[in-house]
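Descriptive analysis of the structure
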Amino acid sequence: MKRFLNLFRFIVPYWAYAVLNVIFNILSAIAALFSTLMVIPFLRVLFERQEITAVKPESFELNANSIQNYFNYFMASIINDYGKTTALITVCILVVGITFLKTGFKYVANYYMAPLRNNVVRDLRRKIFRKMVVLPLSFFSDSKKGDIISRITSDVQEVEQSIISSLAMLFRDPITIILFLVMLIYMSPQLTLFVLIMLPISTLLIGRLGKNLKQKSLSGQKRMGTIISIVEETLNGLRIIKAFNAENKINDRFDNTINTYNRIMIKIFRRRFLASPLSELLGTIVMVTVMWYGGTLVLDGKGNLSGEALIAYLMIFYQIIAPAKAFSTAYFNIQKGLASLTRIDELIDADIEIKEIKNPVPLEGFKDSIEYKNVTFKYEQDKVLKNINLKIEKGKTIAIVGHSGSGKSTMVDLLPRFYDPIEGEILIDGVNIKNLKIKELRTLMGIVSQDSILFNDTFFNNIAFSKDAASENEVVEAAKVANAREFIEASKNDYHFNIGDKGNKLSGGQKQRVSIARAVLKNPPILILDEATSSLDTESERLVQEALFELMKNRTSLVIAHRLSTIQNADEIIVLHEGEIVERGTHTELLAKNGHYKKLNEMQNSTN
Ligand code: ADP
Ligand code: MG
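Since this is a predicted model, take the numbers as computed values, not measurements. (Residues numbered from 1 in each chain as written. Chains lettered and ligands numbered in written order. Predicted model: local features only at pLDDT ≥ 70, side-chain atom pairs only at ≥ 80, totals over all residues. Heavy atoms only, no water.)

1. So, helix α2 (residues 15-37)
Between its terminal C-alpha atoms α2 stretches 33 Å, which fits the 33 Å expected from 23 residues at 1.5 Å a residue. Within the span of α2, buried status applies to A18, N21, F24, N25, S28, A29, A31, A32, L33, S35, T36 and L37. (Helix = DSSP H or I, 4+ residues; strand = E, 2+ residues; numbered from the N terminus. Expected span 1.5 Å × (residues − 1). Buried < 20%, exposed > 50% of the residue type's maximum accessible area, 1.4 Å probe, protein only.)

Given below as structure tokens:
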């Protein structure tokens, strides 16, 4: 129920559409009622039971009796003046006319339903997307990308198809049912009382069936997440899959998942298909019972019910069964959709672990120093960083070296608060970074990492990524500093050349220089370089390194370098080993120590 209310929040802004929808549904239901009632005069004419009231009723009032009298007079005068056949045709034309109104109103009602449904779906997707962007990185290392994609696509669609479409029914059908019931009570209270006892029994029966549908749906949607994950991974890894002849393997993996999904869906469909025949059978049983009871009432002459009226009564009653049936189908559908709604809520309500405090300390640029104080961090069980202490004065370059897996990237990831330390604190100009506005904190930093993450967009937009409205000039300047001008200007559309998915139309070195240009344009006081040149060949490394030196000028830099030759001029070099700082000093000091650094250095010299 709580989930339902949650969803309702999304509907509230579009209440006007809902109101219009309800109004036109009421009009449509009224027209439906009148078109059904037309069966009474039709049968009366046919069986020659039409009373010939030749006197025109004195005044017209808007009540059932008056309408009836007026109509009787109208029918009588047609029979008198033109004959019975014309009277029949008149009734037929009236039925068509009223039905035209009924369907017309229905269309208008749905016309307003369309924006309601789609706007809600759009808002849901927007909300999920926004949430995805603010969630901390740690959230995504625990969950699969495909699963998130499936929540924003297929789960939202499921909610739309099952719940929101059923909501339409919840607006419409009660109106029809109530209106028709009122008519039935008016026509025969006795028979209607009997009906009212019959209906709940059948509703209960149907309710039982819907129960475990939700559970099944949930596991179905989870599988869908896995399927999308596999597709996504496969698309990314096609090159390797082909090279390793692993097509069969990946096909098998896909088949396994999709077959499980298939089995679940077959079960779901079978159960859902049960809703329709079951309610039809129950509907018929109820109908026949009413026919029998109503028939005895007519034959016994009890309850003031004529034969024609009973037929009209049955026809109206029959029309209640359809929305009542739709109601039970809606119940099934909602159960199915609730599973998806749960998955969406899981994401929307996911905890944002990296929180900003209520009244953050305002930050005016970077003035003095960055300090790691007794910082300890772990992702899961093992501590990845242990008791790190480090002070970086403004304008200095600090290099971090160590074997792969020693915690270098983790250490620099703590600075922009991609993760928070579990012990200790990190200070900027003496203020704990947890007390700063996250946005302001991140404004201070530019990051260039090993895999240059670029977007499927133009050079211009990739470089101008950090700025809302960068000028052509700024972008060209940045490209120049980053040694990227030459190849950009040699490309087909200059700065407006689309670099392809993840920048795949560029070489590694070119991609890296574009990402450096992006950092240049942001012009941050603090620079984080995480193995920015390690994936490059010697020639591009030289070009990129030049660009980096240019970028590092007048900035405070944390440099993780794969090749030690590039950091010999750093003000201080930190050697990390299994999450601890084991040595620190300048290049010459460290070489003199004859320890870890010396060994790292020798290993590189022998391979180079
Ligand atoms: P380096 O950059 O020095 O190669 P990292 O800082 O990337 O090392 O990793 C340090 C340790 O933390 C490694 O043992 C790695 O397995 C682990 N690690 C890194 N990222 C994650 C993560 N998102 N979740 C769990 N463990 C991680
Ligand atoms: Mg690393």
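2. What about the side chain of R518?
Mapped onto the secondary structure, R518 falls in helix α17 (residues 508-522). An unpaired buried charge is present at R518: no salt bridge exists, and D451, the closest side chain of opposite charge, is 8.7 Å distant. In this view, R518 contacts I453, L454, F455, N462, I463, F465 and S466; residues no more than four positions away in its chain are not counted. (Lys, Arg positive; Asp, Glu negative; His and termini not counted. Salt bridge = Lys/Arg side-chain N within 4 Å of Asp/Glu carboxyl O. Contact = heavy atoms within 4.5 Å.)

3. Structural notes on the site of ligand 1
G405, G407, K408, S409 and T410 are the nearest of the 13 residues found near ligand 1. For ligand 1, an oxygen atom lies 2.7 Å from a polar atom in the backbone of G405. K408 is positioned such that a nitrogen or oxygen atom in its backbone is 2.8 Å from an oxygen atom of ligand 1. Protein burial of ligand 1: of its 560 Å² of free accessible surface, 63% is covered by the chains. (Near = heavy atom within 4 Å. Polar contact = N/O pair within 3.5 Å; in protein donor to acceptor, adjacent residues only side chain to side chain. Areas by Shrake-Rupley, 256 points an atom, 1.4 Å probe, with all protein chains shown as cover.)

4. Describing the sheet that holds strand β7 (residues 526-530)
Paired through backbone hydrogen bonds, the strands of a sheet run either parallel or antiparallel to each other. Taken in spatial order, the 6 strands of this open sheet run β6-β7-β8-β3-β9-β10, and their pairing is mixed. The open sheet terminates on both sides in strands that have one partner only, identified here as β6 (445-449) and β10 (580-585). For this sheet the average axis-to-axis angle between neighbouring strands, irrespective of direction, equals 15 degrees. Against the sheet, helix α18 (residues 538-552) engages β3 (397-401), β6, β7 and β8 (556-560), with an angle of about 155 degrees to β7. (Pairing = 2+ DSSP bridges. Axes fitted to C-alpha atoms, helices over the stretch in contact; angles between N-to-C directions.)

5. Regarding a negative patch on the surface
Taken together, the side chains of D142, E353, E380 and D382 define an acidic patch exposed on the protein surface. By secondary structure assignment, the location of E380 is in the loop between β1 (369-378) and β2 (383-393). (Patch = residues over 30% accessible without salt bridge, like charges linked within 9 Å, V, L, I, M, F, W, Y side chains within 5 Å. Charge placed at Lys NZ, Arg CZ, Asp CG, Glu CD.)

6. Digging into helix α15 (residues 472-481)
For α15, every residue scored as buried is listed here: V475, V476, A478 and A479. For α15, the angular spread of the buried residues around the axis is 160 degrees, confining them to a single face. Close packing links the buried residues of α15 with α14 (459-463), α16 (485-490) and α17. Backbone geometry just after α15 places N483 at a positive phi near 60 degrees. (Arc of directions from axis to C-beta.)

7. Considerations on a nonpolar patch on the surface
On the surface, W15, V19, I23, I26, L27, I30, F34 and I67 cluster together into a nonpolar patch covering about 650 Å² of accessible area. Among the elements that take part in the nonpolar patch, α2 stands out by supplying 7 residues, more than any other. Of note, I67 is situated in helix α4 (residues 64-82). The class of I67 is partly exposed, set by a relative accessible area of 31%.

8. Some details on the side chain of D147
Tracing the chain through its elements places D147 in helix α7 (residues 145-187). Residue classification places D147 among the buried residues on the basis of a relative accessible area of 12%. Separated by 3.3 Å, the side chains of D147 and R343 make a polar contact. Excluding residues that lie within four positions of it along the chain, D147 makes contacts with K222, G225, S229 and R343.

9. With respect to the packing of aromatic side chains
Following the criterion strictly, the structure yields 15 aromatic pairs and no others. Between F71 and F74 the ring centres are 6.0 Å apart and the planes differ by 50 degrees, which places this aromatic pair in the tilted class. Of this pair, F71 and F74 both sit in helix α4, 3 residues apart, which is roughly one turn of the helix. Between the aromatic rings of F455 and F465, the centroid separation amounts to 4.8 Å while the plane-to-plane angle is 15 degrees, which identifies the pairing as stacked. With F455 in the loop between β6 and α14 and F465 in the loop between α14 and α15, this residue pair connects regions lying 10 residues apart in the sequence. Assessed through its relative accessible area of 38%, F455 is described here as partly exposed. Members of the aromatic cluster, connected to one another through ring pairs, are F24, F105, Y107, Y111 and Y112. (Phe/Tyr/Trp six-rings, centres within 6.5 Å; stacked < 30°, edge-to-face > 60°.)

10. Some words on the domain arrangement of the chain
Entries for the chain in the domain assignment read domain 1 (2-213 + 273-348) and domain 2 (354-444 + 526-534 + 556-608). Computed from C-alpha coordinates alone, the two centres of domain 1 and domain 2 are separated by 66 Å. (Domains from an automatic or database assignment.)

11. Quick notes on the pattern of salt bridges
Counted according to the given criterion, the structure contains 20 salt bridges. A salt bridge links K355 to D351; the shortest N-O distance between them is 3.8 Å. Across the pair E477 and K480 runs a salt bridge whose closest N-O atoms are separated by 3.9 Å. Taken together, the positions of E477 and K480, both in helix α15 and 3 residues apart, correspond to about one turn of that helix. What makes K480 partly exposed here is its relative accessible area of 46%.

12. What about the packing of α17 against α18?
Between α17 and α18, whose axes approach to 10 Å, the crossing angle comes to 5 degrees. By the angle between their directions, the pair α17 and α18 is classed as roughly parallel. Of α18, the residues touching α17 (which contributes G509, Q512, R513, I516, A519 and V520) are S540, L543, V544, A547, L548 and L551. Of the residues belonging to the contact of α17 with α18, the class tally is 8 nonpolar, 3 polar and 1 charged. (Parallel < 35°, antiparallel > 145°, perpendicular 65-115°, else oblique. Nonpolar A, V, L, I, M, F, W, Y, C, P; charged D, E, K, R; others polar.)

13. Some points on the pairing of strand β4 (residues 423-428)
The side chains of a regular strand alternate between both faces of the sheet. Pairing of β1 with β4 involves 5 bridges; the strand directions are antiparallel. Note that in β4 the partner of K373 across the bridge is E425. Across 2 bridges, the pairing between β4 and strand β5 (residues 431-432) is antiparallel. Paired with L427 across the strands is N432, a residue of β5. Between β4 and the antiparallel strand that follows it, β5, lie 2 residues; D429 among them carries a positive phi value of about 50 degrees.

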